[in-house]
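What follows is the residue order along each chain.
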Amino acid sequence: MTGPPLFYLIAGEASGDALGAGLMRALDELTGGEVRFAGIGGEQMRREGLDSLFPISELAVMGVFELLPHVPRLLGRVRETVADVAARQPAALVTIDSKAFTLRVAGRLRRQGTRVPLIHMVAPTVWAWRPGRARVIARMLDHLLVLFPFEPGYFEPHGLGCTFTGHPAAEQPEGDGPGFRARHAISPSAPVLAVLPGSRPGEVRRLLPPFAATVAGLAEHIEELHVVVPTVTSVAGQVRAGVAGWPVPVTVTRDHGLDAMAASTAALAASGTVTLELALARVPSVVAYRVSPMSALVGWMLVDRSAVVLPNRVLEQPLFPLFLQGECRADRLLPAVLAALGDQAVRARQMTVSLELRRRLGVPGGAARAAARAVLDVSKRHGRP
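Within any chain, residue numbers begin from 1 and follow the written order of that chain's sequence. Local features in this predicted model are restricted to residues of pLDDT 70 or higher, and side-chain atom pairs are both shown and tallied only at a pLDDT of 80 or more, whereas totals for entire chains, interfaces and linings draw on every residue. Hydrogens and water are ignored here; the side-chain numbers use all heavy atoms of the structure.

Participant: What should I look at first to understand the sheet that holds strand β5 (residues 143–146) in this one?
Facilitator: Strand pairing in a sheet relies on backbone hydrogen bonds. The paired strands run either parallel or antiparallel. At least two DSSP bridges between two strands are required for those strands to pair. The helix count covers DSSP runs of H or I at least four residues long, the strand count covers runs of E at least two residues long, and both are numbered beginning at the N terminus. In spatial order, the strands read β2-β1-β3-β4-β5-β6; together these six strands make up an open sheet with parallel pairing. In this open sheet, the two edge strands, each paired with only one partner strand, are β2 (36–40) and β6 (162–164). Taken over all neighbouring pairs, the strand axes of this sheet differ in orientation by 20° on average, direction set aside. Strands β1 (6–11), β2, β3 (92–96) and β4 (118–121) of the sheet are contacted by helix α1 (residues 14–30), whose axis makes an angle of about 165° with β1. Packing of helix α18 (residues 367–381) onto the sheet brings it into contact with β1, β3, β4, β5 and β6, and relative to β5 it is tilted by some 175°. The convention used is that axes are lines fitted to C-alpha atoms, helices contributing only their stretch in contact, and that angles between N-to-C directions extend from 0 to 180 degrees. Contacts: residue pairs with any heavy atoms within 4.5 Å of one another.

Participant: Explain the environment of E43 here, please?
Facilitator: Tracing the sequence through the fold places E43 in helix α2 (residues 43–47). Note on exposure labels: buried denotes an accessible area under 20% of the residue type's maximum, exposed denotes more than 50%, and partly exposed covers the range between, all computed with a 1.4 Å probe on protein chains only. In this structure E43 comes out as partly exposed when scored by relative accessible area, which is 36%. Between the alpha carbons of E43 and K99 there is a distance of 20 Å; along the sequence they are 56 residues apart. Setting aside residues no more than four positions away along its own chain, E43 makes contact with D17 and T233.

Participant: Looking at this structure, how should I read the confidence of the model for the chain?
Facilitator: Close inspection of predicted coordinates is inappropriate in any region flagged by low pLDDT. In the predicted model, the chain carries a mean pLDDT of 91, and 93% of its residues have values of at least 70. Confidence of the predictor at the level of single residues is captured by pLDDT, which takes values from 0 to 100. A low-confidence stretch, residues 62–66 (pLDDT under 50), is modelled with 15 contacts involving residues beyond four sequence positions or located in other chains.

Participant: Looking at this model, I keep getting lost on the nonpolar core. Mind explaining?
Facilitator: When a protein is soluble and globular, its nonpolar side chains tend to lie buried together. In these notes, a set of buried Ala, Val, Leu, Ile, Met, Phe, Trp, Tyr and Cys residues joined through side-chain atoms within 4.5 Å is what counts as a nonpolar core. Core analysis: the largest hydrophobic core is formed by 85 residues, its most contacted members being F7, L23, M121, F148, L193 and L357. A total of seven residues in this core trace back to one element, the largest contributor, which is helix α9 (residues 201–221). Those residues in contact with F148, other than ones at most four positions away along the chain, are W127, F164, H167, L276, L310, V314 and L361.

Participant: Please clarify how the packing of aromatic side chains should be interpreted in this entry.
Facilitator: How two aromatic rings sit relative to each other is set out by the distance from centre to centre and by the angle between their planes. We call Phe, Tyr and Trp rings a pair once their centres come within 6.5 Å, taking the six-membered ring for Trp, and we label the pair stacked below 30 degrees between planes, edge-to-face above 60, and tilted otherwise. This model, assessed by the stated rule, comprises four aromatic pairs. Judged by centre distance (6.1 Å) and plane angle (75°), the ring pair of W127 and F148 falls under edge-to-face. Of this pair, W127 sits in the loop between β4 and α6 (133–140) while F148 sits in the loop between β5 and α7 (152–155); the two residues are 21 residues apart in sequence, bridging distant segments of the chain. Taking relative accessible area as the criterion, W127 reaches 5% and is therefore assigned buried. Through successive ring pairs, a cluster of aromatic residues spans W127, F148 and F150.

Participant: I'm lost on the sheet that holds strand β9 (residues 250–253) in this one. Help?
Facilitator: With parallel pairing, the six strands of this open sheet are ordered in space as β9-β8-β7-β10-β11-β12. Looking along the sheet, the strands with just one partner apiece sit at the ends: β9 and β12 (322–324). Taking each pair of neighbouring strands and ignoring which way they run, the sheet shows an average axis angle of 20°. Those strands touched by helix α15 (residues 330–342) are β7 (192–196), β10 (266–270), β11 (285–289) and β12, and its axis lies near 155° from that of β11.

Participant: Even after reading the chapter, I still don't get unusual backbone geometry, so can you show me in this structure?
Facilitator: Peptide bonds are, in most cases, trans, and in most cases residues other than glycine have a negative phi. Look at R282: it is not a glycine, yet its phi comes out positive at around 65°. Locating R282 in the fold gives a position in the loop between α12 (273–280) and β11.

Participant: Would you take a moment to explain the pairing of β7 for this structure?
Facilitator: Along any regular strand the residues' side chains alternate between the sheet's two faces. Along β7, five of the five residues are buried, which leaves the element largely enclosed by surrounding structure. Residues V192, A194 and L196 line one face of β7 and the alternating positions L193 and V195 line the opposite face, and both faces are buried. Pairing analysis gives three bridges linking β7 to strand β8 (residues 226–230), with the strands arranged parallel. In the sheet register, A194 faces β8, and the bridge partner there is V228. Crossover handedness for the path β7 to α9 to β8: right-handed. Note that β7 and β10 share four bridges and pair parallel. Residue pairing in the sheet places A194 in a bridge with A267 of β10. When the strands point away from the viewer, a crossover counts as right-handed if the path from the first strand over the helix to the second runs clockwise.

Participant: Mind showing me how you'd approach the side chain of R347 here?
Facilitator: Mapped onto the fold, R347 is located in helix α16 (residues 344–351). One buried charged residue, R347, forms no salt bridge at all, with the nearest opposite charge on D343 at 8.2 Å. The charge count treats Lys and Arg as positive and Asp and Glu as negative. His and the chain ends do not count. Whenever Lys or Arg places a side-chain nitrogen within 4 Å of a carboxyl oxygen from Asp or Glu, that contact is recorded as a salt bridge.

Participant: What should I look at first to understand the environment of L376 in this one?
Facilitator: Locating L376 in the fold gives a position in helix α18. In this structure, the C-alpha to C-alpha distance between L376 and A91, residues 285 residues apart in sequence, is 8.7 Å.

Participant: I keep staring at the pattern of salt bridges and nothing clicks. Help me out?
Facilitator: Pairing between side chains of opposite charge can happen when their charged atoms approach one another. Taken as a whole and assessed by the stated rule, the structure comprises 14 salt bridges. Ionic pairing is found between R73 and E58, a salt bridge with its closest N-O pair at 3.7 Å. A residue pair is termed long-range when its members are at least 10 positions apart, and R73 in helix α4 (residues 71–88) and E58 in the loop between α2 and α3 (64–67) qualify at 15 residues. Between E356 and R359 there is a salt bridge whose closest N-O contact spans 2.7 Å. Of this pair, E356 and R359 are both found in helix α17 (residues 354–361), three residues apart, which corresponds to roughly one turn of the helix. We classify E356 as partly exposed; its relative accessible area is 26%. Its relative accessible area of 57% is what places R359 among the exposed residues. Among the charged side chains, a network of salt bridges with common partners joins E58, R73, R77 and E80.

Participant: I tried to follow the packing of α4 against helix α5 (residues 99–111) on my own but got confused; where do I start?
Facilitator: Each pair of packed helices can be described by the angle between their axes along with the distance between the axes. The N-to-C vectors of α4 and α5 enclose an angle of 50°; their axes lie 9 Å apart at closest approach. By the angle class used here, α4 and α5 are oblique. In this structure, α4 meets α5 at a crossing whose hand is right-handed. Mapping the contact onto sequence places L74, L75, R77, V78, R79, T81, V82 and V85 in α4 and F101, R104, V105, R108 and L109 in α5. Residue classes in the contact of α4 with α5 are distributed as eight nonpolar, one polar and four charged. Roughly parallel refers to an angle under 35 degrees, roughly antiparallel to one over 145, roughly perpendicular to one between 65 and 115, and oblique to any angle outside these ranges. Note on convention: near helix rotated counterclockwise from far helix by under a right angle means a left-handed crossing. Clockwise means right-handed. Just so you know the grouping, Ala, Val, Leu, Ile, Met, Phe, Trp, Tyr, Cys and Pro go in nonpolar, Asp, Glu, Lys and Arg go in charged, and all remaining residues, Gly too, go in polar.

As C-alpha cells, then:
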C-alpha cells in the first residue's frame, strides 16, 4: 500500500501512553502530517489518532509472579500483535516500556526474520537489576531510545545503538497550585499531602492499605490536613473506593496532575516516574513500594536498592527516602512523611534539586522531537519508506 509512512507504536501503561502521544505529535510535525499510525495505546494516543488494537488496560501487570496468571492471555495478545505488525509492514515498530509485553513482541518478530526496524523507547533498567540483560536485549533490537544520560553505557558495548532523547518530565511546566486549591475548595494555608499509589491495579491494591494507615496517623498529628490523590482512568474507581472513609478530606482527581503537585506540601508516592516529576516540581517526597512476597524474594537478590528512586539515581544522592516491602508500613512511613511535611532541613534539601535534574535530563528541542528524529533516522537507514 502506498501513501504516508506507517509507524506502529505499542504502549502498555499510562506513562508509556504519554510518551507515545508525544512521539506521535512530534512525528506528525517533522513530516508535515505525512505519517500514519497503528498499534496499541491509551487515551492520549487515541487523541492523537491511534485506533488501538486492544485496550491498553490488558497490559497493566507488574511483578514476576503477579504476571503468571495473565500469561496465557498476554501470549495470545503477543501473537495477535506480531501478526498485525507482520501484515502491516510499518516503516518502524516503536515499543514503549512495558517490557513483559513489548520485548516479547520484538523478540518474536526478530526470530521471524522481520525487516521492520525494531526500536524500543525507555531502556530496561539494567542499571537497577540484572545488568546481564543488556546483552540479550541488544540482540533483539535495532535501536534504543533512552531517557537517562547514563544508560547508553550499558547497551552500546553490546552493539546496540542508543539515542539519549532526554526525559519529558524535565520539560514539565510549573503547575498552578493556588488555582488547584481554589477549584477544590482547599484552604490556601492547609497542609496538603499528595498520595500516589501507582497506575496499575496491583500497585494500588498493595500500597493503599499502608498509605491509608499512614494518613490515619498523620490525622492525629496535623490539623487541617488535606489529601490529594492524582490518578489515571484505569484505576480511578479502585482508588476512590480505597480512600472512602479516610479520616481527612480527600480529593481524587484524574486531571491537572502538575497542578495537584504544585498544590502539595509533600507527597507519599509509589516508586516510578512520578518520583522524578515530584522532584522536578519541588515537592518533598517519601517513596514506597511493594510487590508480591515471591516477587520480593527474587527482587531482594537482584535489585540495586540505590537505583530504585529515579531522582536518587540521576543525582547519585539518597535524597528521597525509600521504603520497600516489609518497610512499607505505617510505623516506618509516618515519621518520614511528617519530616517531609514539616522538617525545614529535610524540605530544603529535597526542594533544591529541581534545576540540576532539569539540566541533566533536558535536551535542545525537547524529548519528543529528539525521539521522533531518531525514529525517522533509523527507519531511513533500514531503507523503509
